[in-house]
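For reference, the chains in residue letters:
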Amino acid sequence: MKRGIVIGSVLALINLPVALVLIEAVSYHVRNRSNGSIVSSGLEREYLLYVPKSYDRTKPTPLVISMHGGALWPAAQKEISQWNRVADEHGFIVVYPSGVSGRGPRAWRAGGGPGLMRDVRFISELIDTLQASYNIDSTRVYANGLSNGGGMTFVLSCTLSDRIAAVGVVAPAIFLPWPHCMDRRAVPMIAFHGTADHAVPYHGGRSWVAPNVFPDIPAWTEKWAERNRCAPNPVDSAVAADVRRREYTSCADGAAVVLYTVLEGGHTWPGGGPLPEWFAGTTSNSIDATSLMWAFFREQKLLRK
């Protein structure tokens, strides 16, 4: 009997790691699964939706669209950006759409070609879908994203400026050249970028991320200010020991352009969920990019002309 108990105990210990792996695998799937999907351009496209408990269907409610970086997914963007926390505080709806995986990691096709417009169509149809189910304020729809998602956010400002009131980008991987940005509406924009970003270099150039040449971020921001017909001389200030702020003012329709530069910051979301430092670099907690982004968004409404 004792021998049987010992053998049983040993077998239990041997199988315990397998059971833990299975439990963790199931838990990971539950934590990271999407909770909605639509068919767009013949493909099933997923998204993760968050509606705060304070939502009141009798009141028009802002919508924030937050897009993940390349090789990430909606739940990862939720954890990195912490938009749900801010949505609870201020009472707006957040949706985290998913890029296309195809034969490789999930990504947004933000560099041009037919895939770009299919992604744009997906976001437009996603807005339609949510407006059909919730009382979305059509003048207060905002888009933002990290890395490749930031690049897609830029694309939306160039293709859906009649639906997106303002945009925010964090460490944006910009693939679309400015001459391809045909929408002429002044779109308010707030950006965050680290000077030690090795994936998308602050001063532009190439990196291991893609064969594309990335733009110099200060120059790219200045170009956006020209797009918005802002005054040429920006206002610079220090908001923390490691953070500098540049704002372009007197823009058309009040469409301000703001750049937060994080000194020695990595390819990360300031104040958000940290990415592995060995891979992405330092995450600054001197500022909360999501709260600052919402403070910027809430001042902007889509002007109907």
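Going by the structure above, here's the rest.
Here's what I pulled together on the structure shown here.

Quick notes on the rules
- Residues numbered from 1 in each chain as written.
- Predicted model: local features only at pLDDT ≥ 70, side-chain atom pairs only at ≥ 80, totals over all residues.
- Heavy atoms only, no water.
- Helix = DSSP H or I, 4+ residues; strand = E, 2+ residues; numbered from the N terminus.
- Buried < 20%, exposed > 50% of the residue type's maximum accessible area, 1.4 Å probe, protein only.
- Contact = heavy atoms within 4.5 Å.
- Arc of directions from axis to C-beta.
- Polar contact = N/O pair within 3.5 Å; in protein donor to acceptor, adjacent residues only side chain to side chain.
- Pairing = 2+ DSSP bridges.
- Axes fitted to C-alpha atoms, helices over the stretch in contact; angles between N-to-C directions.
- 1 Å grid on protein atoms, 1.4 Å probe; cavity = no way out; pocket = protein on both sides within 12 Å on 5 of 7 lines; lining within 4 Å.
- Points joined across faces, edges and corners; volume = space filled by probe spheres on them.
- Nonpolar A, V, L, I, M, F, W, Y, C, P; charged D, E, K, R; others polar.
- Phe/Tyr/Trp six-rings, centres within 6.5 Å; stacked < 30°, edge-to-face > 60°.
- Lys NZ or Arg CZ within 6 Å of the ring centre and 35° of its normal.
- Disulfide = S-S within 2.5 Å.

**Remarks on the overall build of the protein chain**
- In terms of helices and strands, the protein chain carries 8 helices and 10 strands.
- Expressed as a percentage of its 305 residues, the buried residues of the protein chain come to 51%.
- The contacts of the protein chain with a sequence gap of at least 6 include a subset with a gap of at least 24, amounting to 64%.

**Things to note about helix α6 (residues 217-227)**
- Within α6 the residues assigned to the buried category are Ile217, Pro218, Trp220, Thr221, Trp224, Ala225 and Arg227. When α6 is viewed along its axis, its buried side chains cluster within an angular range of 165 degrees and face the same direction.
- Each element contacted by the buried residues of α6 is listed here: α5 (148-159), β6 (166-170), β7 (189-194), β9 (243-248) and β10 (257-262).
- N-cap assignment for α6: the residue whose side-chain oxygen lies 2.9 Å from the backbone N of Ala219 is Asp216.
- A positive backbone phi angle near 55 degrees is found at Arg229, which sits one or two residues after α6.

**Topic: helix α2 (residues 74-81)**
- Across the 8 residues of α2, 7 count as buried, placing the element largely inside the fold.
- Here α2 has its buried residues at Pro74, Ala75, Ala76, Gln77, Lys78, Ile80 and Ser81.
- Positive phi appears at Gln82, one or two residues downstream of α2, with a value of about 60 degrees.

**Thoughts on the sheet that holds β9**
- Spatially, the 10 strands line up as an open sheet ordered β1-β2-β4-β3-β5-β6-β7-β10-β9-β8, and their pairing is mixed. Whereas interior strands pair on both sides, the edge strands pair on one side only; in this sheet they are β1 (36-40) and β8 (235-240). Mean inter-strand twist for the sheet, computed between neighbouring axes without regard to direction, equals 20 degrees.
- In this structure, strand β5 (residues 136-146) lies alongside β6, joined through 5 bridges in parallel fashion. Note on β6: the bridge partner recorded for Asn144 is Gly168.
- Its contacts with the sheet put α2 on β2 (43-50), β3 (61-67), β4 (93-97) and β5, and the angle it makes with β4 is roughly 130 degrees.

**Re the layout of surface pockets**
- As a volume, the largest pocket reaches approximately 380 Å³.
- As for the largest pocket, its lining consists of 17 residues, and the residues nearest its centre are Gly70, Ser147, Trp208, His267 and Phe279.
- Class assignment for the residues of the lining of the largest pocket results in 12 nonpolar, 5 polar and no charged.

**Focus: the packing of aromatic side chains**
- With the rule as written, the count across this model stands at 18 aromatic pairs.
- Centroid distance Trp83 to Phe92: 5.8 Å. Interplanar angle 75 degrees. Geometry classified as edge-to-face.
- Taken together, a centroid distance of 5.5 Å and an interplanar angle of 80 degrees make the contact between Phe154 and Trp220 edge-to-face. Linking Phe154 in helix α5 with Trp220 in helix α6, this pair joins segments that are 66 residues apart in sequence. Summarising the burial analysis for this pair, Phe154 and Trp220 share the class buried.
- What links up through ring pairs into an aromatic cluster is the set Trp83, Phe92, Tyr142, Trp294, Phe296 and Phe297.
- A cation sits over an aromatic face here: Arg227 above Trp224, 4.9 Å from the ring centre.

**Some thoughts on the state of the cysteines**
- Applying the stated rule across the entire model yields 2 disulfides.
- With its sulfur 2.1 Å from that of its partner, Cys158 forms a disulfide with Cys181. On the sign convention where negative is left-handed, the bridge of Cys158 and Cys181, at about -95 degrees about the S-S bond, is left-handed. On the criterion of sequence distance, the pair formed by Cys158 in helix α5 and Cys181 in the loop between β6 and β7 is long-range, its members being 23 residues apart. Of the two residues, Cys158 and Cys181, both sit in the buried class.
- Note that Cys230 is cross-linked by a disulfide to Cys251, the S-S spacing being 2.0 Å. The sign of the 105 degrees torsion about the S-S bond sets the Cys230-Cys251 disulfide as right-handed. With Cys230 in the loop between α6 and β8 and Cys251 in the loop between β9 and β10, the pair connects residues that are 21 residues apart, well separated along the chain. We note that Cys230, like Cys251, is buried.

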